[in-house]
Amino acid sequence: MQPTRTPELIYVVEDEPAIARLIADTLEKFGYRTELFRTAEAFFNGLRQQVPELVILDLGLPDMDGMAVLQQLRGKHSCGLLIVTGRSDVYDRVMGLELGADDYVVKPFEPRELIARARSILRRYPGVVAPAADPALRVAEFAGWRFEPGSNTLTSPGGQQDTLSTAEAQLLSVLLAHPNHILTREQLLGGRDVSALDRSIDLRISRLRRRFEENPQHARLIKTVYGAGYLLAATVTWS
């Protein structure tokens, strides 16, 4: 007999009770466990007790800007993150993705869309809260460089240290996990449909290349494969 799977825990951070209840009811209908938080303060208190597999975050909280909440969350935890927002401005959505959100859904939304996006994110974070899977315990060395995912620290061959942004660190982590393999824009952004935002990955690549002082026209480490994607041309050793 196979052991019973423990349903994934999802935190819903939403200050509008009706919307929060709709999200929770939809998730619970599909077998997920939920906890509701109406403020950023309550949410962070909840994180101290347990880290969920996924956070569904409204950007319009009463006590803290959602972008600031996102940054603090990404600085400490590697769980999935889905933004739910009533903001229709593309800038806010792009900024959320740049700061480390996995995906977003705009209000009003169909419950089926919410479930589909939540499932997609959860597939990318199998066992993220298990101590053995903690990326902070591993360090990558490649082409003379050293990257520590736990602190987003990049160390040059000469010993100079630099701290990457959350978006840069996530992108580098994906490249390091698949060295010498061509990765599409969608793969580099975790499988999101980025048809409307497909230049955002190019901007991230450009910023990351500058960390390595690479000439974009003659990049040796992060290569552009025209019409296909990008490739990290290096042997990677994890320890």
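Definitions and cut-offs
- Residues numbered from 1 in each chain as written.
- Predicted model: local features only at pLDDT ≥ 70, side-chain atom pairs only at ≥ 80, totals over all residues.
- Heavy atoms only, no water.
- Salt bridge = Lys/Arg side-chain N within 4 Å of Asp/Glu carboxyl O.
- Helix = DSSP H or I, 4+ residues; strand = E, 2+ residues; numbered from the N terminus.
- Expected span 1.5 Å × (residues − 1).
- Buried < 20%, exposed > 50% of the residue type's maximum accessible area, 1.4 Å probe, protein only.
- Arc of directions from axis to C-beta.
- Contact = heavy atoms within 4.5 Å.
- Pairing = 2+ DSSP bridges.
- Axes fitted to C-alpha atoms, helices over the stretch in contact; angles between N-to-C directions.
- Parallel < 35°, antiparallel > 145°, perpendicular 65-115°, else oblique.
- Polar contact = N/O pair within 3.5 Å; in protein donor to acceptor, adjacent residues only side chain to side chain.

Peer 1: Teacher, can you tell me more about the pattern of salt bridges here?
Peer 2: When charged atoms on two side chains of opposite charge get close, those side chains can pair. Taken as a whole and judged by the stated rule, the model has twelve salt bridges. Among the salt bridges present, the one from E141 reaches R146, with a minimum N-O distance of 2.9 Å. Bridged by salt links that share partners, the residues E14, E16, D58 and K107 form one connected network.

Peer 1: Sorry, what's going on with helix α1 (residues 17-29) here?
Peer 2: For α1, built from 13 residues, the straight-helix expectation of 18 Å at 1.5 Å per residue is met to within 8% by its first-to-last C-alpha distance of 18 Å. Among the residues of α1, those classed as buried are I19, A20, I23, A24, T26 and L27. Viewed along the axis of α1, the buried residues span an arc of 160 degrees, placing them on a single side of the element. Counted as exposed and oriented over 90 degrees from the buried face of α1: P17, A18 and K29. Residues of α1 that are buried sit in contact with β1 (9-13), β2 (33-37), β3 (54-58) and α5 (111-124). Once α1 finishes, G31 follows within two positions and takes phi at roughly 95 degrees, a positive value.

Peer 1: Which parts of the structure should I look at to understand the pairing of strand β7 (residues 145-148)?
Peer 2: The side chains of a regular strand alternate, residue by residue, between the two faces of the sheet. With burial as the criterion, only one face of β7 is covered, namely that bearing W145 and F147; the residues R146 and E148 on the opposite face remain uncovered. Note that strand β6 (residues 140-142) and β7 share three bridges and pair antiparallel. Paired with A140 across the strands is F147, a residue of β7. Taking the residues that link successive antiparallel strands as the turn, the β6-β7 hairpin has two residues, and the phi of A143 there is positive, at about 50 degrees. With three bridges connecting them, β7 and strand β8 (residues 153-155) associate as antiparallel partners. Directly across from E148, in β8, lies its bridge partner T153. Where β7 folds back on β8, the antiparallel hairpin that results is connected by four residues, among which N152 adopts a positive phi of roughly 60 degrees.

Peer 1: Please clarify how the packing of helix α2 (residues 40-49) against helix α3 (residues 66-76) should be interpreted in this entry.
Peer 2: The axes of two packed helices give the description: the angle between them and the distance between them. As a packed pair, α2 and α3 sit with axes 11 Å apart at the nearest point and diverge in direction by 10 degrees. For the element pair α2 / α3, the angle class is roughly parallel. Between α2, through A40, F43, F44 and L47, and α3, the contact on the second element is made entirely by V69, Q72 and L73.

Peer 1: Help me out: how do you make sense of the environment of L232 in this one?
Peer 2: Following the sequence through the fold, L232 ends up in strand β11 (residues 229-232). Using a relative accessible area of 0% as the deciding quantity, one classes L232 as buried. Taking the C-alpha atoms as reference points, L232 and P179, separated by 53 residues in sequence, lie 5.2 Å from one another. Beyond its immediate stretch of four places on either side in the chain, L232 contacts L175, L176, P179, N180, L221 and I222.

Peer 1: Would you take a moment to explain the sheet that holds strand β4 (residues 80-85) for this structure?
Peer 2: Hydrogen bonds along the backbone pair up the strands of a sheet, which may run parallel or antiparallel. Pairing is parallel in the open sheet, where five strands are placed in the order β2-β1-β3-β4-β5. Two strands in the sheet have a free side with no partner beyond their single neighbour: β2 and β5 (103-106). Each adjacent strand pair in this sheet contributes to an overall mean axis angle of 20 degrees, direction not counted.

Peer 1: Would you explain α5 in this entry?
Peer 2: Each α-helix turn comprises 3.6 residues. Residues three or four places apart therefore point the same way. Helix length check: α5 (14 residues) gives 21 Å between terminal C-alpha atoms against 20 Å at 1.5 Å per residue, within 8%. By the burial criterion, the buried members of α5 are L114, I115, A118, S120, I121 and L122. On its buried face, α5 is in contact with β1, α1, β3, β4 and β5.

Peer 1: I keep staring at the side chain of R74 and nothing clicks. Help me out?
Peer 2: Tracing the chain through its elements places R74 in helix α3. Within the structure, R74 has its side chain in polar contact with the side chain of D102 (distance 3.0 Å).

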